[in-house]
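So you can see what is in the structure, the chains are spelled out below.
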Amino acid sequence: MRLGYPCINLSLSCRSSTTFRLSSFSAERFRSTVSANLQCLSETLAWNSASGVLFFRITSGLIPFASHPVNSLGWQDEFRKEFRHIGSFIRENRMRVSMHPDQFVVLNAKNEGIVERSTAELLYHSDVLDLLGTGSEAKVQIHLGGVYGDKAASIGRFTERAEALPRRVLKRLVIENDERLYSLMDCLAVHEKTGLPVVLDTLHHACNNNRESMREAILLAGKTWRRQDGPPIIDFSTQEKGRRLGTHAQTIDLRHFRTFLSQVPDPGDRGPDIMLEIKDKDRSALKALRLVMALSKTGKTSRRHP
DNA sequence: GGAAGTCAAGTCTCG
DNA sequence: CGAGACTTGACTTCC
């Protein structure tokens, strides 16, 4: 079981998602920004490795305007060496990376233009993971999209569009339950049709479910992952008190995390990888890591930890 | 130099 | 139908 956090390390001063306004776009600006972002990604992964954090979500902002028509630069070729270098580090340290395109990627949209832009964005995410030389265990995680007043039809469109994607995108694609529209059950139904693995988001599941217990949910989602997909991914978060339902906690609630761990059937070497969606990022990741280490020492998880 | 305004992209809800 | 939430930073302009 590896632990991770998304996109930004708050202990470092660099950001791998620095960008600029579309109106400021120039080849110059683009190159210097990408170069700095890759450098920061490299530093972040080095920090992670040294800290024992072996799972990381790479920001979608790594290559600004990657899928935008304004950008006709062959960034894939231009930065091939840098990507390969970072990729080697990931492999050598047995780390796992993933990506999570944001809300603008809606595969089941009714508007074809949106579907085209979404597809281009998915290709960009796949490019990054391909250039790093990662295998199909490095995932690109999306939600099912909108409902448009007819969930069955919308799920149907998602399935069609997903199946039409290029293989190199499809082999990385995974679907995640959301807090309002599509529950774990809905995702499992899409899995039945498409074979896409399901990422369980624990906070979304608590908000939007069909009465499955957390233990049951973990098992059901876990079964959708094949060997070539790597260990199942689970997004863990706690509700921030006094805020809208679904708001991520500012810092990790270790009691809650420990309860969650007790519901994971097989933590240890072969267990799921856990992405901690907590606002203070690396700080909570370290706290969680220390807890897992302590538990494994006292034998309170079911398996030995490396 | 600091403050205020703005940013590629989508969907849903509310007024 | 249009604005705001979602969620947040930081880029950019303005003074």
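Right above here is the structure, for reference.
Residues numbered from 1 in each chain as written. Chains lettered and ligands numbered in written order. Predicted model: local features only at pLDDT ≥ 70, side-chain atom pairs only at ≥ 80, totals over all residues. Heavy atoms only, no water.

Caption draft 1: Layout of the protein's contact with DNA strand C. As a matter of local geometry, DNA strand C sits amid R15, T18, T19, F20, R21, S24, R29, Q103, R244, T247 and K279. Backbone atoms, meaning sugar and phosphate, make up 79% of the atoms of DNA strand C lying within 4 Å of the protein. In this structure, a phosphate oxygen belonging to DNA strand C sits 2.6 Å away from a side-chain N or O atom of S24. Within the side chain of R29, a nitrogen or oxygen atom sits 2.7 Å from a phosphate oxygen of DNA strand C. For the surface near DNA strand C, the class distribution of residues is 1 nonpolar, 5 polar and 5 charged. (Near = heavy atom within 4 Å. Polar contact = N/O pair within 3.5 Å; in protein donor to acceptor, adjacent residues only side chain to side chain. Nonpolar A, V, L, I, M, F, W, Y, C, P; charged D, E, K, R; others polar.)

Caption draft 2: Representation of the state of the cysteines. For the structure shown, the criterion picks out 1 disulfide. Disulfide pairing is shown between C14 and C40; the S-S distance is 2.1 Å. In this structure, the disulfide formed by C14 and C40 twists by about 75° around the S-S bond and is classed as right-handed. In this pair, C14 sits in the loop between β1 (3-6) and α1 (27-51) while C40 sits in helix α1, placing the two residues 26 residues apart along the sequence. Here C187 stays unpaired: no disulfide links it, and the sulfur of C207, its closest cysteine neighbor, is 14 Å away. (Disulfide = S-S within 2.5 Å. Helix = DSSP H or I, 4+ residues; strand = E, 2+ residues; numbered from the N terminus.)

Caption draft 3: Looking closely at the pairing of strand β5 (residues 173-176). Here β5 shows two buried faces, one formed by L173 and I175 and the other by V174 and E176. Bridge count for strand β4 (residues 140-143) against β5 is 4 bridges, and the pairing is parallel. When the bridges of β5 are listed, V140 appears paired with L173. With 2 bridges joining them, β5 and strand β6 (residues 198-201) adopt parallel strand pairing. (Buried < 20%, exposed > 50% of the residue type's maximum accessible area, 1.4 Å probe, protein only. Pairing = 2+ DSSP bridges.)

Caption draft 4: Structural view of the packing of α1 against helix α3 (residues 80-92). Running from amino to carboxyl end, α1 crosses α3 at an angle of 5°, the nearest separation of the two axes being 10 Å. The angle between α1 and α3 places the two elements in the roughly parallel class. Note on element contacts: α3 touches α1 through E82, F83, I86, F89 and I90, opposite L38, L41, S42, L45, A46 and S49. In the contact of α1 with α3, the residues fall into 8 nonpolar, 2 polar and 1 charged. (Axes fitted to C-alpha atoms, helices over the stretch in contact; angles between N-to-C directions. Parallel < 35°, antiparallel > 145°, perpendicular 65-115°, else oblique. Contact = heavy atoms within 4.5 Å.)

Caption draft 5: Molecular detail of the packing of aromatic side chains. Counted under the stated rule, the structure contains 10 aromatic pairs. Each ring, one from Y5 and one from F56, has its centre 5.3 Å from the other, and the planes form 70°; the classification is edge-to-face. Of this pair, Y5 sits in strand β1 while F56 sits in strand β2 (residues 55-58); the two residues are 51 residues apart in sequence, bridging distant segments of the chain. When the ring of F20 is compared with that of F25, the centres are 5.9 Å apart and the planes differ by 55°; the resulting orientation is tilted. Per residue, the accessibility class of F20 equals that of F25, and both read buried. An aromatic cluster is defined as three or more aromatic residues linked by ring pairs; in this entry it consists of F20, F25, F30 and F65. (Phe/Tyr/Trp six-rings, centres within 6.5 Å; stacked < 30°, edge-to-face > 60°.)

Caption draft 6: Up close: the protein's contact with DNA strand B. As a matter of local geometry, DNA strand B sits amid 16 residues, with R21, L22, Q103, V147 and Y148 nearest to it. For DNA strand B, the backbone portion of the atoms within 4 Å of the protein, that is sugar and phosphate, comes to 48%. Separating a phosphate oxygen of DNA strand B from a side-chain N or O atom of Y148 is a distance of 2.3 Å. Grouping the amino acids of the surface near DNA strand B by side-chain chemistry returns 8 nonpolar, 4 polar and 4 charged.

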